[in-house]
Amino acid sequence: MKQYWLMKSEPTEVSIDDLMAAPGQTMPWFGVRNYQARNFMRDGMREGDGVLFYHSSCAQPGVVGVAEVASTAYPDHSQFDKNSHYFDPKATQEQPRWVSVDVRGLKRTALLPLSELRQMPALEDMLLLKKGSRLSIAPVTPAQWKAIQARLAD
DNA sequence: GCCAACGTTGGC
DNA sequence: GCCAACGTTGGC
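Residues numbered from 1 in each chain as written. Chains lettered and ligands numbered in written order. Predicted model: local features only at pLDDT ≥ 70, side-chain atom pairs only at ≥ 80, totals over all residues. Heavy atoms only, no water.

- As annotated in an unreviewed UniProt entry, chain A carries the name Putative RNA-binding protein and comes from Janthinobacterium psychrotolerans.

Brief notes about the overall build of chain A
Turning to step 1, where the next piece is worked out: For chain A, the count of helices and strands is four helices and seven strands.
Turning to step 2, where the next piece is worked out: Listed by position from the N terminus, the elements making up chain A come as β-α-β-α-β-β-β-β-α-β-α.
Turning to step 3, where the next piece is worked out: The C-alpha radius of gyration of chain A comes to 15 Å, within 12% of the 15 Å expected for a compact globule of 154 residues.
Turning to step 4, where the next piece is worked out: Counting only C-alpha atoms and orienting by the principal axes, one finds that chain A spans roughly 45 × 35 × 30 Å.
Turning to step 5, where the next piece is worked out: Across the 154 residues of chain A, 44% fall into the buried class.
Turning to step 6, where the next piece is worked out: Considering only intrachain contacts with a sequence separation of at least 6, the fraction spanning at least 24 residues in chain A is 74%. (Helix = DSSP H or I, 4+ residues; strand = E, 2+ residues; numbered from the N terminus. Rg over C-alpha atoms; globule rule 2.2 N^0.38 Å. Buried < 20%, exposed > 50% of the residue type's maximum accessible area, 1.4 Å probe, protein only. Contact = heavy atoms within 4.5 Å.)

Details of the environment of Trp 145
Turning to step 1, where the next piece is worked out: Mapped onto the secondary structure, Trp 145 falls in helix H4 (residues 142-153).
Turning to step 2, where the next piece is worked out: Separated by 119 residues in sequence, Trp 145 and Thr 26 have C-alpha atoms that sit 21 Å apart.
Turning to step 3, where the next piece is worked out: Every residue in contact with Trp 145, bar those within four places of it in the chain, is listed here: Tyr 4, Gly 50, Val 51, Leu 52, Val 66 and Val 140.

Section: the nonpolar core
Turning to step 1, where the next piece is worked out: Judged by nonpolar contacts, the single largest core of 20 residues is most densely connected at Met 7, Trp 29, Met 41, Met 45, Val 101, Val 103 and Ile 137.
Turning to step 2, where the next piece is worked out: Elements that contribute at least two residues to this core include exactly strand S1 (4-9), helix H1 (16-21), helix H2 (35-44), strand S3 (50-55), strand S4 (62-69) and strand S6 (99-113).
Turning to step 3, where the next piece is worked out: Dropping the residues within four chain positions of it, Met 41 is found in contact with Val 32, Ala 73, Val 99, Ser 100, Val 101 and Ile 137.
Turning to step 4, where the next piece is worked out: Of all hydrophobic cores here, the second largest spans 19 residues; its members include Tyr 4, Leu 52, Val 66 and Ile 148. (Core = buried A, V, L, I, M, F, W, Y, C linked by side-chain atoms within 4.5 Å.)

What to know about the protein's contact with DNA strand C
Turning to step 1, where the next piece is worked out: Near DNA strand C you find Tyr 35, Lys 131, Gly 132 and Arg 134, and these make up its full shell.
Turning to step 2, where the next piece is worked out: When the atoms of DNA strand C within 4 Å of the protein are grouped by moiety, sugar and phosphate amount to 71% of the total.
Turning to step 3, where the next piece is worked out: A distance of 3.1 Å separates a phosphate oxygen of DNA strand C from a polar side-chain atom of Lys 131.
Turning to step 4, where the next piece is worked out: Between DNA strand C and Arg 134 there is a distance of 2.7 Å, counted from a base oxygen to a side-chain nitrogen or oxygen.
Turning to step 5, where the next piece is worked out: Looking at the surface near DNA strand C residue by residue, the class counts come to one nonpolar, one polar and two charged. (Near = heavy atom within 4 Å. Polar contact = N/O pair within 3.5 Å; in protein donor to acceptor, adjacent residues only side chain to side chain. Nonpolar A, V, L, I, M, F, W, Y, C, P; charged D, E, K, R; others polar.)

What about the environment of Val 103?
Turning to step 1, where the next piece is worked out: Within the fold, Val 103 resides in strand S6.
Turning to step 2, where the next piece is worked out: On the accessibility criterion, Val 103 (0% relative accessible area) is buried.
Turning to step 3, where the next piece is worked out: Counting along the chain gives 13 residues from Val 103 to Lys 90, while the straight-line C-alpha distance between them is 26 Å.
Turning to step 4, where the next piece is worked out: If sequence neighbours within four positions are ignored, Val 103 has contacts with Met 7, Leu 19, Gln 25, Thr 26, Met 27, Trp 29, Ala 67, Glu 68 and Ala 70.

Brief notes about the packing of aromatic side chains
Turning to step 1, where the next piece is worked out: Per the stated rule, a full pass over the model turns up five aromatic pairs.
Turning to step 2, where the next piece is worked out: Relative to Phe 40, the ring of Trp 5 has its centre 5.7 Å away and its plane inclined at 50 degrees; by these criteria the two rings are tilted. Placement of the pair is Trp 5 in strand S1 and Phe 40 in helix H2, with a sequence separation of 35 residues.
Turning to step 3, where the next piece is worked out: Judged by its relative accessible area of 3%, Trp 5 falls in the buried class.
Turning to step 4, where the next piece is worked out: The exposure class assigned to Phe 40 is buried, which follows from its relative accessible area of 19%. (Phe/Tyr/Trp six-rings, centres within 6.5 Å; stacked < 30°, edge-to-face > 60°.)

Following this line, the structure appears as structure tokens:
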């Protein structure tokens, strides 16, 4: 059963344009250091799942593209890299803590701003929009996905 | 296991 | 830069 997700990225780190410019429009999604978000990747994500690509911590936060999950979870290489911002001294090759998945960009869309998402009745219960929600990866229901796709197609 | 202190996220 | 909300850490 195909599932849907929303994945946040700061455009100064990885933007939708960066993703679309990558070889095969595919990039490893690394640097997630939150257990709940990790568990979504590890336990929930399967190849072919739908992804809303979201720009956060920027002037105009919102959905900027559609992507898909292109691999199941595997150990996030950056946790072992001493020079990485994402290095985790408690992670070992034998017992990795953090995972990555590959994400393949499908299309860039016109910005669907957070302010408009908040006004869509179909998204009332969306995890992203809950007060205080900071998860960088959140599940999206089929109904929410449908509503957003319809709006993106406008 | 509790909880205060601290760090991070992310919209504004 | 501010600040609310949440997660993590570590002393006890």
